[in-house]
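# Structure at a glance
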Amino acid sequence: MKKLSRWFGKNLIRIYMVLGFTYLFIPILYTIVFSFNDYIKSNLVWRGFTWHNWQTPCGVPNICSDLGNSLKIGLIATFVATILGTLIAFALGRYAFKGRPAVNTLIFLPMASPELVLGASLLTIFINLGFNLGFWTIVIAHVMFCISFVVVTVKARIASLDPRLEQAAMDLYANERETFRRITFPLVAPGIAGAALLAFSLSFDDFIITNFNSGTVETFPLFVYHNAERGLPAQANVIGSSMFLIALIIVLAGQIVSRKRKIA
Amino acid sequence: MADASTSAKGDLKLANVTKSFGEFTAVDDLSLVIPEGSFFALLGPSGCGKTTTLRMIAGLEVPTAGTIHVGNTDITDMRPYKRPVNTVFQNYALFPHLSIFENVAFGLRRRGIKDVKEQVDKVLNLVELPHLAERKPTQLSGGQQQRIAVARAIVNRPALLLLDEPLGALDLKLRRQMQIELKWIQTEVGLTFVHVTHDQEEAMTMADTIAVMNEGRIEQMGSPADLYDNPKTAFVANFLGQSNLIQGKIVDSDGDSHVVDLYGQKVSVLKRRTVAKDSSVLFGIRPEKLRIQPDSHDKPGNVLTGGKISDVSYIGVSTQYQVEMPWGQEIMVFEQNDDGVPPLDKGDEVRLSWEPIFSFALDGNEDATAGVDVEPEAE
Ligand SMILES: Nc1ncnc2c1ncn2[C@@H]1O[C@H](COP(=O)(O)OP(=O)(O)OP(=O)(O)O)[C@@H](O)[C@H]1O
Ligand SMILES: [Mg+2]
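As the structure is a computational prediction, the values presented were derived from the model and not from experiment.

Thresholds, definitions, all that
Residues numbered from 1 in each chain as written. Chains lettered and ligands numbered in written order. Predicted model: local features only at pLDDT ≥ 70, side-chain atom pairs only at ≥ 80, totals over all residues. Heavy atoms only, no water. Helix = DSSP H or I, 4+ residues; strand = E, 2+ residues; numbered from the N terminus. Rg over C-alpha atoms; globule rule 2.2 N^0.38 Å. Buried < 20%, exposed > 50% of the residue type's maximum accessible area, 1.4 Å probe, protein only. Contact = heavy atoms within 4.5 Å. Axes fitted to C-alpha atoms, helices over the stretch in contact; angles between N-to-C directions. Parallel < 35°, antiparallel > 145°, perpendicular 65-115°, else oblique. Left-handed = near helix turned anticlockwise from the far one by under 90°. Nonpolar A, V, L, I, M, F, W, Y, C, P; charged D, E, K, R; others polar. Pairing = 2+ DSSP bridges. Domains from an automatic or database assignment. Polar contact = N/O pair within 3.5 Å; in protein donor to acceptor, adjacent residues only side chain to side chain. Buried area = accessible area lost by both parts, 1.4 Å probe. Salt bridge = Lys/Arg side-chain N within 4 Å of Asp/Glu carboxyl O.

## Here's the deal with the overall build of chain A
- The secondary structure content of chain A amounts to 12 helices and zero strands.
- Its C-alpha atoms give chain A a radius of gyration of 23 Å, clearly above 18 Å, the size a compact globule of 264 residues would have.
- Judged by the C-alpha coordinates and their principal axes, chain A covers about 70 × 70 × 35 Å.
- Out of the 264 residues in chain A, the part that is buried amounts to 36%.
- Put simply, of all contacts in chain A between residues at least 6 apart along the chain, 70% involve residues at least 24 apart.

Right under this line is the structure:
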């Protein structure tokens, strides 16, 4: 009895970890496994292994053009939101101006408001302004909700930057521009990169806001939603699994690079 | 930038420099001249405004009032990168994303010097860390980082080098060694050093001039020997070494001396060593200047009788006594163990004597304990 409780005490963290990761990864594992399912019509029951889905990822109408839309929108929205958000973060993190506390609070609002409300109000605005719903209204909507996340992420990085490093650079003959280029930017860059990845993944899998403002344009999440009722093709699993693998590779590569840097 | 950073040369002059943070005055109407090529030490307790003073000289803080000149150039509002000044920061402030080599080369590269390798290697050798050139700052110990911070500044050979406790994290042996190196660099290259330290021994051994700072003001400035022998305030007397300060009254004058009454016993002090506003004085004598004898002895010079030894600590070369005087004050005495006489015991009745030229007198309205308990502490 005592032995048993000691064993538990020793391995509790390990057990907890295994349970936690199982909980997190079962849905992903399911997605990957069912991407190999030899399905007919609906990909809900296991019918046998096949490579077919991976060989024909675009073998379902619209799936790849929708994926293309999602990627294009994601990249544009990420690019714009990262630049604007970084500029705002520097303004908030580095300059004391009138109304800064207010802006600091307001920047959280888009993150805190329900997406349904944001999506609906954006739709109203677009219609009132006479915009044609479609690709660009989706981009505008995505930029809007991504900016807040970029600002918050980059600002945290700027706040953790010791101002004495920039002062030391200036003491060592670097003017404002050189100081920014050589010290400030390289030290904040990992935060900006993280913010960009976050923005992309937020944009890529956004459904609710997109659904309000997409008009006739379909993104990958909309494709999944529209097809879910009729039975989702396993090609959707293929694309989902691929996204997961790409993300995994990026994370691993990032870790290897940063570890190498530490050792070097 | 290269020309701007080398053009200004000459004495560093601070005139009525004040720095306030809101209500709080960190540096209060500070005026001083640091001659070109000198080794100047700023000594004072934690929070007295030493770093703030250096930051104003470096251009990282704008004075609330006053001006700063190097030679005839007014640098009060000059951008930091235009000043002929480099700083060794108290917290090192090494660039975490750059290698040690690039940290040290930073200033050289910014001034457009292409071939930095030779100079960087030389200075890394000087601080004895050439093997760490390719590492990142986080992979260095505190003491190693500190030496790199020194190297990063001196490689630029600035007209004026500001050192904010540059040796605080080093052990005693390395510290002594670096002190010698720094002093050597300073004399060899003829740079002006402004060296901030808590360590009075460091200040005494390295500096030509020491300024003792307290609560944003300079209490006293002078050569190490001058400060030690002729303190002008109770703070300096207590902060630099130790002093016995006894409340007294000038009762008479006799040639070049004052006669001072200390709780009924008469002693004398040179007029030129007296700083007094009125007849009330703090009579001062350093512990090592006192001689201690059994109370029956008769000795010429100044004498205080009626003491009783309350504590003895024998520390090899000398013996330290605490002597309780009739008026209740504890007096410290350091006696060299060079006369073969065995130390006196606790409880012995003793008299204290000294050569009158060794004593000094301060304004009697001062707090006799000022500067006593401000222990030098590192951050
Ligand atoms: N930016 C600031 N805002 C408000 N107060 C400050 C600021 N910088 C310094 N002070 C205050 O000014 C005083 C002097 O600070 P300073 O850093 O010059 O002390 P120091 O003599 O260098 O002390 P130490 O020996 O501990 O380094 C301190 O009381 C400090 O709290
Ligand atoms: Mg300081």
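Here the narrative resumes, following the displayed structure.
## Considering the packing of helix α6 (residues 115–128) of chain A against helix α7 (residues 135–159) of chain A
Residue and element names in this part refer to chain A.
- For the pair α6 and α7, the least separation of the axes is 11 Å and the interaxial angle reads 135°. As judged from the angle between their axes, α6 and α7 are oblique. In this structure, α6 meets α7 at a crossing whose hand is right-handed. Of the residues in α7, those in contact with Leu118, Leu122 and Phe126 of α6 are Thr137, Ile140, Ala141 and Met144.
- Considered class by class, the residues forming the contact of α6 with α7 number six nonpolar, one polar and no charged.

## So, the sheet that holds strand β3 (residues 39–43) of chain B
Residue and element names in this part refer to chain B.
- Across the sheet, which stays open at both edges, the six strands sit in the order β6-β7-β8-β3-β9-β10 with mixed pairing between neighbours. Pairing within the sheet leaves two strands with one partner each, and these edge strands are β6 (85–88) and β10 (217–222). Neighbour to neighbour, the strand axes of the sheet diverge by 20° on average, direction disregarded.
- Where β3 lies against strand β9 (residues 209–214), four bridges are found, and the strand directions are parallel. In the strand pairing of β9, Ala41 is matched with Ile210.
- Contacts between helix α5 (residues 142–154) and the sheet are confined to β6 and β7 (160–164), with β6 contributing the most and set at about 175° to the helix.

## Thoughts on the packing of helix α3 (residues 100–110) of chain B against helix α4 (residues 117–126) of chain B
Residue and element names in this part refer to chain B.
- Contact pair α3 / α4: the axes reach a minimum separation of 10 Å and the direction vectors enclose 120°. If you check the angle between α3 and α4, you find them oblique. With respect to the hand of their crossing, α3 and α4 are arranged in right-handed fashion. Facing α3, whose interface residues are Ile100, Phe101, Val104, Ala105 and Leu108, α4 presents Lys117, Gln119, Val120, Asp121, Val123 and Leu124.
- Tallied by class, the residues present in the contact of α3 with α4 amount to eight nonpolar, one polar and two charged.

## Details of the domain arrangement of chain A
- The domain boundaries assigned to chain A delineate domain 1 (2–52) and domain 2 (61–232).
- If you average the C-alpha positions of domain 1 of chain A and of domain 2 of chain A, the two centres end up 33 Å apart.

## Digging into helix α8 (residues 163–171) of chain A
- Counting buried positions along α8 of chain A gives seven out of nine residues, so the element sits mostly inside the fold.
- Within α8 of chain A, the full set of buried residues consists of Leu165, Glu166, Gln167, Ala168, Ala169, Met170 and Asp171 of chain A.
- Turning to α8 of chain A, the residues buried within the fold contact α3 (63–94) and α9 (176–204) of chain A together with α2 (50–58), β6, α3 and α5 of chain B.
- The N-cap of α8 of chain A, judged by a side-chain oxygen 2.9 Å from the amide nitrogen of Arg164 of chain A a few residues on, is Asp162 of chain A.
- Immediately beyond the C-terminal end of α8 of chain A, within one or two residues, lies Tyr173 of chain A, with a positive phi of roughly 70°.

## Comments concerning the interface of chain A and chain B
- Contact residues are listed per partner, giving 22 residues for chain A and 30 residues for chain B.
- Taking both partners together, chain A and chain B bury about 2300 Å²; carbon and sulfur atoms supply 59% of that area.
- Ranking the residues of chain A by area buried against chain B places Asp171, Leu172 and Tyr173 of chain A at the top, with a combined share of 37%.
- At the junction of chain A and chain B, the tally comes to two salt bridges.
- Here Arg79 of chain B ties to Glu176 of chain A by a salt bridge, and the two come within 2.7 Å at their closest N and O atoms.
- In this structure, the connection of chain A to chain B is made through 10 residue pairs in polar contact (both at pLDDT 80 or more).

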